[in-house]
Amino acid sequence: MANRRPPSRRRPAVRRPSRRSAPPRRRRSRRQQRRDTQLLLFGFGAAAGLALVWAVISWLLVNWWALIVLGALATVGGTVWTHRYRQQQAWERVRQQALRYGLPQLDALHHRDFEYAIRDLMRRDGCTDARQIGGAGDNGADVLATDPLGRTWVIQAKHRKDGDRGSAVGTPDLQRVNGTARQLYGADVVLVVTNGRFSTRCAPLAKQLHMHLADRRTLAAWASGERPLWELLPKIPPPRKGR
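Residues numbered from 1 in each chain as written. Predicted model: local features only at pLDDT ≥ 70, side-chain atom pairs only at ≥ 80, totals over all residues. Heavy atoms only, no water.

1. Comments concerning the pairing of strand β2 (residues 143-146)
Alignment of strand β1 (residues 131-132) against β2, held across 2 bridges, turns out to be antiparallel. Each residue of the ladder has a partner; that of Q132, found in β2, is V143. The sheet contact formed by β2 and strand β3 (residues 152-158) spans 4 bridges and is antiparallel. Note on β3: the bridge partner recorded for A145 is W153. (Pairing = 2+ DSSP bridges. Helix = DSSP H or I, 4+ residues; strand = E, 2+ residues; numbered from the N terminus.)

Structure below.
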């Protein structure tokens, strides 16, 4: 009989571990690492700050006399600062009251500096809140001020480099400021002031619109300190009731 080979035994299949059995480890992003570093540094800084504050408090509790010295120095310093501030304010008021401009000075100004000059003249005459607002989006107003009687002034300043030899201020300039002065700013007095001249049609229109004009001659009298502006203009309205 032919020798028969015994049947081969199959080895049981070895199950390989699934790769999905354990979640993959994600690498920390640089942003997360940077954030963790910042938090760590912040923690160290906060701890160091608290330790410093505690050390200072502990030292002051032992050396209580230092608090008295610091308090005295703060009191003296505050007194000196207050005195100098009040003195500076007093000098500023004296300077404003003595402010004078000649027409050649006003003619030589840039148009923006002319607006600041008008503001300073209003302050000189007691309008402590006068401010320059001319620029983009000013809606025709260059200076706002409240006079000592409580009237709100809206002023448009028209500067002419050549004075009265330059182009005349026309009615469109009046219409522009008139359209916004009372509605936007609550003006009691609407004024257009120039170092030049007005066209012949401006005076009748200003009368109809209840506006006021200050030409070169009026400006010269005002800038020289002769009288406040409201004493140089005709028919300035009284302040509103309730003010």
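Having seen the model, we can carry on.
2. A word on the nonpolar core
In terms of nonpolar packing, the biggest core is built from 29 residues, with I118, M122 and W153 touching the most fellow members. Considering each element in turn, this core owes the most residues, 5 residues, to helix α4 (residues 111-124). For W153, the contacting residues outside a window of four places in its chain are M122, V143, L144, A145, D147, V189, L191, L229, W230, L233 and I236. In terms of nonpolar packing, the next biggest core, distinct from the first, is built from 15 residues, L144, A181, F198 and A206 among them. (Core = buried A, V, L, I, M, F, W, Y, C linked by side-chain atoms within 4.5 Å. Buried < 20%, exposed > 50% of the residue type's maximum accessible area, 1.4 Å probe, protein only. Contact = heavy atoms within 4.5 Å.)

3. Here we look at the environment of R216
Relative to the helices and strands, R216 resides in helix α7 (residues 216-223). Residues R216 and D164, 52 residues apart in the sequence, show an inter-C-alpha distance of 7.2 Å. Other than its neighbours up to four places away in sequence, R216 contacts L103, D107, G163, D164, T194, N195 and G196. For R216, the side chain forms a polar contact with the main-chain oxygen of N195, separated by 2.6 Å. (Polar contact = N/O pair within 3.5 Å; in protein donor to acceptor, adjacent residues only side chain to side chain.)

4. As for helix α6 (residues 202-209)
Buried within α6 are the following residues: C202, L205 and A206. Take α6 and look down its axis: the buried residues cluster within an arc of 100°, on one side only. With respect to the buried face of α6, the exposed residues turned more than 90 degrees away are K207 and Q208. Packing partners of the buried residues in α6 comprise α5 (171-185) and β5 (212-214). (Arc of directions from axis to C-beta.)

5. Notes on the pairing of β3
In terms of burial, β3 is largely enclosed, as 7 of its 7 residues are buried. Linkage of β2 to β3, two consecutive antiparallel strands, is achieved through a turn of 5 residues, within which G150 is found at a positive phi near 90°. In the sheet, β3 pairs with strand β4 (residues 189-194) via 6 bridges, with the strands oriented parallel. Residue pairing in the sheet places W153 in a bridge with V189 of β4. With respect to chirality, the unit in which β3 leads through α5 into the neighbouring parallel β4 is right-handed. (Right-handed = clockwise from strand over helix to strand, strands pointing away.)

6. Points about the packing of α5 against α6
Between α5 and α6, whose axes approach to 10 Å, the crossing angle comes to 15°. Judged on the interaxial angle alone, α6 and α5 are roughly parallel. Of the two elements, α5 crosses α6, and the hand of that crossing is right-handed. Side by side, α5 and α6 meet where T171, L174, Q175, N178 and R182 of the first sit next to C202, L205, A206 and L209 of the second. Counted by class, the contact of α5 with α6 contains 5 nonpolar, 3 polar and 1 charged residues. (Axes fitted to C-alpha atoms, helices over the stretch in contact; angles between N-to-C directions. Parallel < 35°, antiparallel > 145°, perpendicular 65-115°, else oblique. Left-handed = near helix turned anticlockwise from the far one by under 90°. Nonpolar A, V, L, I, M, F, W, Y, C, P; charged D, E, K, R; others polar.)

7. Description of the pattern of salt bridges
A side chain of one charge can pair with a side chain of the opposite charge if their charged atoms are brought near each other. The full count for this structure, using the stated rule, is 6 salt bridges. The partner of R216 in a salt bridge is D107, with the nearest N and O atoms 2.7 Å apart. With R216 in helix α7 and D107 in helix α3 (residues 103-107), this pair connects stretches of sequence that are 109 residues apart. Take R216: its relative accessible area is 18%, and that puts it in the buried class. Taking the relative accessible area as the measure of exposure, D107 reaches 15% and is therefore buried. For R151, the salt bridge goes to D147, with nearest N and O atoms at 2.7 Å. The exposure classification of R151 matches that of D147, with both residues buried. (Salt bridge = Lys/Arg side-chain N within 4 Å of Asp/Glu carboxyl O.)

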